[in-house]
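# Structure assessment
Spelled out, the chains give:
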Amino acid sequence: MEYVKITKDNIDKEHICCAISNNNDPQVISKKCWLKDRIDEGLVFYKSVERGKCFIEYIPAEYAWVPIDASGFFHINCLWVSGSFKGHKYSNDLLDYCINDAKEKGKKGVTAIAAVKKSPFLLEQKFLLHKGFKICDKANPNYVLLYFPFNENEKVPIFKEQAKNPTINKNGFVLYYTNGCPFTAKYVPLIENLAKERKIEFESILIKTKEEAQNAPCAWTNYVLFYNGKYITNEILSENKFLKLVEELGVNNV
């Protein structure tokens, strides 16, 4: 397998794996704009040269859009290998690239957020544990922070306190999201419009800065939905899934 690193010089012509349609697609536009701003902060997007979902995205933890304290580490935003790429150990290649890059740049190690139980858009802890990562902190309802230290004496990374028990003081549906995941550019407007049509109480909050993300009320910031102050899901919902959720929660709508 051949790989390529996304840079400001090639990002406009390269596909970005998680959104591989044409460059006029809103998902592609929002994600590439977000990436361009992050590249200056040290973000690395390393991917297969072939079209498909086979890539790793990581950034210095000081600039990560998640509420963690992991100064001096690299933080993995996403590691995704799917479809025909699965079963060829490409995940090993991508993770090894990140770890070696961290060592070359004098980092303390690598961190990642994963799910205790399989969850959409989240890494599975089983793979990372197999690769030598250790669990260093947990956050409700299903999140673990893992780290791969290069020195066992390093300060252990942690979730920020407000993220460990995700609750907010707002009624109705409240959605926090970022442009760090391309799928929010497509699905958030669909849910916003649907909620408006059905007169469902709904507020969407776009996280626009790393400071806002690092102080978010949940361990995962790309997409997190609350209802009446309680955490509901990190799954990016289609219209049908949102309506099913509305029914399950007994929400009055028209």
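Everything discussed here concerns the structure shown above.
Predicted model, so just to flag it, every value in this text is computed and none were measured.

### A short note on the overall build of the protein chain
- Summing up its helical and strand segments, the protein chain has seven helices and 14 strands in all.
- Relative to the globule expectation of 18 Å for 254 residues, the C-alpha radius of gyration of the protein chain, 18 Å, shows essentially globular dimensions.
- The dimensions of the protein chain, computed from C-alpha atoms along their principal axes, are 55 × 40 × 35 Å.
- The buried share of the protein chain, reckoned over its 254 residues, is 52%.
- Of the contacts made within the protein chain by residues no fewer than 6 positions apart, 65% connect residues no fewer than 24 positions apart.
- Counting every atom, the protein chain has about 12,400 Å² of accessible surface; 46% of that belongs to carbon and sulfur.
- Taking the 35 positively charged and 31 negatively charged side chains of the protein chain as two groups, their mean positions are separated by 3 Å.

### Some remarks on the packing of aromatic side chains
- This model, assessed by the stated rule, comprises 18 aromatic pairs.
- Ring centres of F45 and F55 lie 4.8 Å apart, and the angle between their planes is 5°; on these two criteria the pair is classed as stacked. Placement of F45 in strand β2 (residues 44-48) and of F55 in strand β3 (residues 54-60) is noted, with a sequence separation of 10 residues between them. Both residues of the pair, F45 and F55, count as buried.
- For the ring pair W80 and F183, a centre distance of 6.3 Å and an interplane angle of 65° mean the geometry is edge-to-face. Highlighted residues: W80 in strand β5 (residues 73-81) and F183 in the loop between β11 (173-177) and α5 (184-197), separated in sequence by 103 residues.
- Every member of this aromatic cluster is reached through a ring pair, and the members are F45, F55, W80, F121 and F183.
- Directly above the ring of W80 sits K53, whose terminal nitrogen or CZ lies 5.5 Å from the centroid.

### Comments concerning the nonpolar core
- By size, the foremost hydrophobic cluster in this structure holds 39 residues, and its most contacted members are F45, I68, I113, Y143 and F159.
- Going through the elements one at a time, α1 (26-39), β3, β6 (109-115), β8 (134-139), β9 (143-149), β11 and β13 (223-227) are the ones with two or more residues in this core.
- Here this core takes three residues from β9, the largest share from any one element.
- Not counting chain neighbours up to four residues away, the residues in contact with F159 comprise P67, I68, I113, D137, K138, A139, Y143, V144, L145, K164 and A219.

### Side note on the pattern of salt bridges
- Throughout the structure, instances matching the rule amount to 14 salt bridges.
- The partner of K134 in a salt bridge is E152, with the nearest N and O atoms 2.9 Å apart. Remark: E152 occurs in the loop between β9 and β10 (158-159) and K134 occurs in strand β8; sequence separation between them is 18 residues.
- Under the relative-accessibility criterion, E152 is labelled exposed at 53%.
- A salt bridge links D137 to K164; its shortest N-O distance comes to 3.4 Å. Residue D137 is found in strand β8, and its partner K164 is found in helix α4 (residues 161-164); the two are separated by 27 residues along the sequence.

### Comments concerning the pairing of β6
- Summarising burial for β6: seven of the seven residues are buried, a large majority.
- Neither face of β6 is open: one carries G109, T111, I113 and A115, the other V110, A112 and A114, and all of them are buried.
- Of the strand pairs in this sheet, β5 and β6 are connected by four bridges, and their pairing is parallel. Counted as the bridge partner of F74 is V110 from β6.
- One crossover worth recording links β5 to the parallel β6 by way of helix α2 (residues 90-104), and it is right-handed.
- In terms of strand pairing, β6 meets β9 through seven bridges, oriented antiparallel. The partner of T111 across the bridge, within β9, is Y147.
- As paired elements, β6 and strand β7 (residues 123-124) share two bridges and run parallel to each other. Paired with A114 across the bridge in β7 is L123.

About the criteria used
- Residues numbered from 1 in each chain as written.
- Predicted model: local features only at pLDDT ≥ 70, side-chain atom pairs only at ≥ 80, totals over all residues.
- Heavy atoms only, no water.
- Helix = DSSP H or I, 4+ residues; strand = E, 2+ residues; numbered from the N terminus.
- Rg over C-alpha atoms; globule rule 2.2 N^0.38 Å.
- Buried < 20%, exposed > 50% of the residue type's maximum accessible area, 1.4 Å probe, protein only.
- Contact = heavy atoms within 4.5 Å.
- Areas by Shrake-Rupley, 256 points an atom, 1.4 Å probe, with all protein chains shown as cover.
- Lys, Arg positive; Asp, Glu negative; His and termini not counted.
- Charge placed at Lys NZ, Arg CZ, Asp CG, Glu CD.
- Phe/Tyr/Trp six-rings, centres within 6.5 Å; stacked < 30°, edge-to-face > 60°.
- Lys NZ or Arg CZ within 6 Å of the ring centre and 35° of its normal.
- Core = buried A, V, L, I, M, F, W, Y, C linked by side-chain atoms within 4.5 Å.
- Salt bridge = Lys/Arg side-chain N within 4 Å of Asp/Glu carboxyl O.
- Pairing = 2+ DSSP bridges.
- Right-handed = clockwise from strand over helix to strand, strands pointing away.

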